[in-house]
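# Remarks on the overall topology
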Amino acid sequence: MKLKATWFDTIIVVIICLISLLVILPFLYIIAVSFSPPGDSMAGNFFIWPKHWTLDAYSYLLNANTFLTSVKNSVIITAMGTVLSLFVSITLAYALSKKFLPGRRIMLLVIFFTMIFHGGMIPNYLVVKNLGLIDSYWAVVLPAASSAFNIMVIRSFFQSLPESLDEAARIDGAGEFRILYSIVLPLSKPIIATFTLFFMVQFWNEFFSAVIYLNDTTRWPIQPLLRQMVAISASNISAEAAVDASLAANLGPNVQNAAILLAMLPIVMVYPFLQKYFAKGAMLGSIKE
Amino acid sequence: MQRALRPKRFHQLWPFYLLAAPGILYFLTFHYIPMTGLILAFKEYSPFKGMMDSPWVGLDNFRQFFGTSDFYMLLKNTLLISLLNLIIYFPFTIFLSLLLNEVRLKVFKRVSQTIVYLPHFLSWVVIYGITISFFGPSGVINHYLGQWFDGNANFLVSNEWFRPLVIFQSIWKDAGWGTIIFLAALAGINPEQYEAAKVDGASRLQSIWHITLPGIKGTIVILLLLRLGSSMDSNFMQIFLMTNSLNLDVSNVFDLFVYHVGLEQFNYSFAITVGMFKSVASLILVLGANYAARLLGEEGIF
């Protein structure tokens, strides 16, 4: 089939190009500033192509203890959170995918209800506090371990697997854990990959629970630190002055924008893999039984 | 035959309960136990007496909350942001979906989709950082405003600019991602309809109007109702980052108020009262939206 471009096609392509450009330009600008000496970007004598190149901002950040600690914290939180979330969500979703399980409906109802009603911020805070989790990574990880939405999506995937598989395995004498581990999980690679990426992004981007649950700023992951680093430049915003003094003293626009880039780097790196899976995952979530 | 193969007795079923246990424990601990904390809305919480022994005050907290002008300000700010999202962000997402759907060159479509989905995965802090780089006092926009027009605007610390900026951020971050669900619905439209329309001499604009839009009407209605159902929720992360003492008149929404009163002033009871009002109002809105969807002959959300 040969496509003949009409004026209609042209207009559409032009509009989409403009929108895409609007998405890309901020990235190019951030990159350019991060590679420029601070004086250049403040004078504004370039937009997306630096006049003078320098790696100062990066070498500064990669030598700043506060920054490196926050990256380390983020990596730990992301790893803990991803493993825990996968474990909790897969096991529960698997059990709930079994239609013969007595009590399944009531468990589903209990989970589903959390989608439309919740205690809210302060009761959540009090629970985390009473469990003694303040200032521990668990405070960030545990409350976000799963969600009704995750359970529903993963469960519907398990339900789409043929039941005869388990039954055959049972005849051969396999136990239930073995069936899950050696038969179901290998068949579930697409959904596991989707949710692994999903959880990794979620925990890497985690910000607010760190702010409220981690008073000890040496435990802070990268997002709250980044917020303080950039807020300082927006004058009048009284960032609650906690970024350590040496870091604050050197905060030129190049350092701030380099930090923004480093904070999104893992996401941009997994993005090519993520995008394909996520598009599917999002549609899967929208399909109801 | 089948019956023998399915676990039926407890000694066959316990593995499933064991598998479900961590997840159920999670939901009880981090979703249901907090609900019991709502009881504090009817008490005057005293840290020395604890949750159970703090004195009852009945509906005093609610009376106090509804009696202040804060309540109307919060309601107005929260609903206005939701409303603006509904009339700007939401149609823009549909518009973008229609555009992408009309692209006939597969490669171009894939590349542009990859680009517009990307911001969805960035954290709000990163978005906030980018916003400051552009709209901050020494940001690029103020730089050019100063150079060309001899002026500058306090985007981040003014009442007028808060809402436009927040809506713009939402569009930039999520409009692309939001097209996925519409594109899925669009893919479900029978291509024969387009061919028939073409034979009848319909232009592409006409077929968009008479075939494409009616084809995704169900999806539009459901998503619209879902958004209406969540109008008490603002995007808290976004607002929390964008707010400051100079735009508080327009940026203060229920969630933010709860944060300030509860976690900064440690007035747990009052903060929980406000949070509970929000949760209950949301519940009513969601159930109402679902009921409305059914009335309209759609399947409903649940």
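Residues numbered from 1 in each chain as written. Chains lettered and ligands numbered in written order. Predicted model: local features only at pLDDT ≥ 70, side-chain atom pairs only at ≥ 80, totals over all residues. Heavy atoms only, no water.

Defined as follows: UniProt positions are given in the numbering used here, feature names are shortened, and annotations may be inferred rather than shown by experiment.
By the naming in an unreviewed UniProt entry, chain B is ABC transporter permease, taken from Paenibacillus rhizoplanae. Quoted verbatim from the Sequence similarities (unreviewed entry) heading of the UniProt record, the comment on chain B is "Belongs to the binding-protein-dependent transport system permease family."

## Overview of the overall build of chain A
Quick reminder of the rule: Under the scheme used here, helices are H or I runs from DSSP no shorter than 4 residues and strands are E runs no shorter than 2 residues, and both carry numbers assigned from the N terminus. For every residue, the accessible area (1.4 Å probe, protein chains only) is compared with the maximum for its type, and the residue is labelled buried under 20%, exposed over 50%, or partly exposed between those bounds. Only heavy atoms matter for contacts: two residues are in contact if any of them lie within 4.5 Å across the pair. In short, Shrake-Rupley with a 1.4 Å probe defines the accessible areas, and a residue's cover is counted only from the protein chains shown.
Broken down by element type, chain A carries 15 helices and zero strands. For chain A, with 289 residues in total, the buried portion stands at 51%. Of the contacts made within chain A by residues no fewer than 6 positions apart, 69% connect residues no fewer than 24 positions apart. For chain A, the exposed area adds up to about 13300 Å²; of that, 68% sits on carbon and sulfur atoms.

## Focus: the UniProt feature "transmembrane region" (unreviewed entry) in chain B
Residue and element names in this part refer to chain B. Cross-referencing UniProt, the feature "transmembrane region" (unreviewed entry) maps to residues 12–33, 79–100, 121–145, 165–187, 208–228 and 268–293 in the present numbering. Overall, residues 12–33 shows 100% helix and 0% strand. The separation of its end C-alpha atoms is 31 Å. Helix makes up 100% of residues 165–187 and strand 0%, and the two end C-alpha atoms of the span are 33 Å apart.

## Considerations on the packing of aromatic side chains
Residue and element names in this part refer to chain B. We count it as follows: Two rings belonging to Phe, Tyr or Trp (six-membered ring only in the last case) form a pair when the distance between their centres is within 6.5 Å. Interplanar angles under 30 degrees mark stacking, angles over 60 mark edge-to-face geometry, and anything in between is tilted.
Going through the model one piece at a time under the given rule, you end up with 50 aromatic pairs over all chains. A ring pair is formed by Tyr144 and Trp148, whose centres lie 4.9 Å apart and whose planes are at 40 degrees; its orientation type is tilted. Of this pair, Tyr144 and Trp148 are both found in helix H8 (residues 140–149), four residues apart, which corresponds to roughly one turn of the helix. Assessed through its relative accessible area of 60%, Trp148 is described here as exposed. Centre to centre, the rings of Phe266 and Tyr268 are 6.5 Å apart; their planes meet at 85 degrees, and the pair counts as edge-to-face. Taking the relative accessible area as the measure of exposure, Phe266 reaches 53% and is therefore exposed.

## Quick notes on the pattern of salt bridges
Heads up, the condition is: The working definition used for a salt bridge is a side-chain nitrogen of Lys or Arg within 4 Å of a carboxyl oxygen of Asp or Glu.
For the structure shown, the criterion picks out nine salt bridges over all chains. Between B:Arg104 and A:Asp9 there is a salt bridge, with its nearest N and O atoms 2.7 Å apart. In this pair, B:Arg104 sits in the loop between helix H5 (69–102) and helix H6 (106–117) while A:Asp9 sits in helix H1 (residues 7–34), so the two residues belong to two different chains. Given the relative accessible area of 10%, A:Asp9 is considered buried. Taking the shortest distance from any N to any O, the salt bridge between A:Arg170 and A:Glu176 comes out at 2.7 Å. Each member of the pair A:Arg170 and A:Glu176 is classed as buried. Within the structure, one salt-bridge network assembled from shared partners comprises A:Asp9, B:Glu102, B:Arg104 and B:Arg204.

## Structural notes on the environment of B:Gly201
Residue and element names in this part refer to chain B. Counting through the fold element by element, Gly201 comes out in the loop between helix H10 (191–199) and helix H11 (204–215). Residue classification places Gly201 among the exposed positions, given a relative accessible area of 56%. It is 49 Å that separates the C-alpha atoms of Gly201 and Phe236, two residues lying 35 residues apart in sequence.

## Digging into the interface of chain A and chain B
Counted only if it meets this: Here the buried area means the combined drop in accessible surface, using a 1.4 Å probe, for two parts upon being joined, counting both sides. Residues are grouped as follows: Ala, Val, Leu, Ile, Met, Phe, Trp, Tyr, Cys and Pro are nonpolar; Asp, Glu, Lys and Arg are charged; every other residue, Gly included, is polar.
Between chain A and chain B, the residue contacts involve 102 residues of the former and 95 residues of the latter. Of the roughly 8700 Å² buried where chain A meets chain B, counting both sides, 79% is carbon and sulfur surface. Contact with chain B buries area across many residues of chain A, yet A:Phe117, A:Ile122 and A:Tyr271 alone supply 7% of it, more than any other trio. The tally of links from chain A across to chain B stands at two salt bridges. In terms of residue count, H1(A) provides more of the side of chain A that touches chain B than any other element does, 16 residues in total. For the side of chain A that touches chain B, the class distribution of residues is 74 nonpolar, 18 polar and 10 charged.

## Overview of the side chain of A:Gln223
Residue and element names in this part refer to chain A. The cut-off we apply is this: Pairs of N or O atoms are called polar contacts if they sit within 3.5 Å, as long as, within protein, a hydrogen donor faces a hydrogen acceptor (for residues adjacent in sequence, only side-chain-to-side-chain pairs).
Mapped onto the elements of the fold, Gln223 is located in helix H13 (residues 222–231). We classify Gln223 as buried; its relative accessible area is 0%. Of note is the side chain of Gln223, whose polar atom sits 3.1 Å from the backbone oxygen of Trp204.

## Topic: unusual backbone geometry
Notably, A:Asp135 is not glycine yet its phi reads approximately 70 degrees, a positive angle. Position of A:Asp135 among the secondary structure elements: in the loop between helix H6 (121–130) and helix H7 (137–141). Given the relative accessible area of 28%, A:Asp135 is considered partly exposed. Here B:Phe266, not a glycine, exhibits a phi torsion of approximately 55 degrees, which is positive. Within the secondary structure, B:Phe266 is located in the loop between helix H15 (254–264) and helix H16 (268–295).

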